[in-house]
Structure formats: structure tokens, C-alpha cells
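These are the residues of each chain, in order.
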Amino acid sequence: MAALSAQPAQARLQCVPYARDHSGIEIHGNAHLWWNAAEGRYERGQQPQVGAVMAFRSSGAMPLGHVAVVSQIIDERHILIDHANWSRPGGIETGVPVVDVSEAGDWSEVRVWYDPIGALGSRRNPVAGFIYADNAPAPRPVFEVAEADVAINVGG
């Protein structure tokens, strides 16, 4: 894990709109509501999959929970996620290491890379599970760039 580190992006966003835009999963509301809101709409489970949303439970340190998108599976107990609003307010991070520290190896408790210390955070974060994007609409880009035909507008 020493070679892995989070790569910050140059933007500011909260975790919910970031996860929605990057997974295609159309759930609204605070992060701690996503797990129950997904029931009957999206498949859910306890194993990470690329593109799935990891739904963190609320806790004393995270009363509103947290959501992140799985970007890579390293092995049975290590994954990378992309998410927002974790290491700094509104900050976006990609390729963030996460380690399953649950006793049963069921991803019910994880430690997440915390950029200010350059290491995994010491806090054990409760996880409800993974919401799978298999039946989700295609992810929307955060923004689109319009192009104009300059030749049409010149001299007119």
C-alpha cells in the first residue's frame, strides 16, 4: 500500500452529487439514506465491484454518512475509490486506498486514506455495503463544453 496515494482533482464538491454523477446511480438525499433508498431500485451487496457505490453508515464522526465510487479492486481486502469531501471540505480525490478491517472480511468496516497525514486514517468507518450500478443509467458528465462554429459567426 505504500506506493498508493490519493490523487486530488482541482474542484470542490460534496460526496452525494459526486457519487451520483460518477456512478449513474440516481439516488438523492444525504449519504446515510442511500443504502435503504437503493432497496428495490438497484442491486446491493457486500462485495466491491468497479463502478459500485460504497455506502458508509452514519457514525459519530460522520452523522450524514458518506458515499464513494469503487474505481479499482486491488485484492480481497483492498480497493481504490473516487470520492469528494473526505480529506478536505469539498475536495475531490481519485484513486484513494481503502482497506477492509472488518473481523469477518465482509467490508462492514473500513479504513480510508486521509491525505493530510499521507496514510490510512486511524478511524474504523462503518459500511452498509455496495450499491451496484449494473442497471443504472449511463453516468452524466459533471459539465459539458459547447463548441461554436466560428466561421458562421465571423462578419455576421
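Conventions used here
- Residues numbered from 1 in each chain as written.
- Predicted model: local features only at pLDDT ≥ 70, side-chain atom pairs only at ≥ 80, totals over all residues.
- Heavy atoms only, no water.
- Core = buried A, V, L, I, M, F, W, Y, C linked by side-chain atoms within 4.5 Å.
- Buried < 20%, exposed > 50% of the residue type's maximum accessible area, 1.4 Å probe, protein only.
- Helix = DSSP H or I, 4+ residues; strand = E, 2+ residues; numbered from the N terminus.
- Contact = heavy atoms within 4.5 Å.
- Polar contact = N/O pair within 3.5 Å; in protein donor to acceptor, adjacent residues only side chain to side chain.
- Pairing = 2+ DSSP bridges.

Peer 1: Account for the nonpolar core, naming residues and giving values.
Peer 2: One finds Met-54, Phe-56, Ile-79, Val-98, Val-110, Val-112 and Phe-130 to be the most contacted residues of the largest nonpolar core, which totals 18 residues. When residues of this core are traced back to their parent elements, those giving at least two are β3 (53–56), β4 (66–75), β5 (78–84), β6 (91–100), β7 (109–114) and β9 (125–131). When residues of this core are assigned to their parent elements, the largest contribution, 3 residues, is made by β7. Aside from chain neighbours lying at most four places away, what touches Val-112 is Phe-56, Ile-81, His-83, Trp-86, Val-96, Pro-97, Val-98, Ala-119, Leu-120, Gly-121 and Asn-125. One finds Cys-15, Trp-35, Ala-55 and Val-67 within the second-largest nonpolar core, a separate group that totals 17 residues.

Peer 1: Give me the lowdown on unusual backbone geometry, citing residues and values where you can.
Peer 2: Excluding glycine, a negative phi dihedral is what most residues carry, and trans is how most peptide bonds are arranged. If you check the backbone angles, Asn-85 has positive phi at about 65° while not being a glycine. By secondary structure assignment, the location of Asn-85 is in the loop between β5 and β6. Since its relative accessible area comes to 28%, Asn-85 is described here as partly exposed. Located in the positive-phi region is Trp-107, a residue other than glycine, with phi close to 65°. Counting through the fold element by element, Trp-107 comes out in the loop between β6 and β7. Exposure remark for Trp-107: the relative accessible area of 0% places this residue in the buried category.

Peer 1: Provide a residue-level description of the environment of Gln-14, including the pertinent values.
Peer 2: One can find Gln-14 in the loop between β1 (7–12) and α1 (15–23). The partly exposed category is assigned to Gln-14, whose relative accessible area is 44%. Once you skip the residues sitting within four places of it in the chain, Gln-14 turns out to touch Ala-84 and Asn-85. Within the local environment of Gln-14, its side chain forms a polar contact with the side chain of Asn-85, the two groups lying 2.8 Å apart.

Peer 1: Now, about the pairing of β5: what can you tell me, with residues and values included?
Peer 2: If a strand is regular, its side chains alternate between the two faces of the sheet. Along β5, 6 of the 7 residues are buried, which leaves the element largely enclosed by surrounding structure. The sheet contact formed by β4 and β5 spans 5 bridges and is antiparallel. Residue Val-69 lies in a different strand from β5, and its bridge partner there is Asp-82. Taken together, β4 and the strand that follows it, β5, pair antiparallel across an intervening segment of 2 residues.

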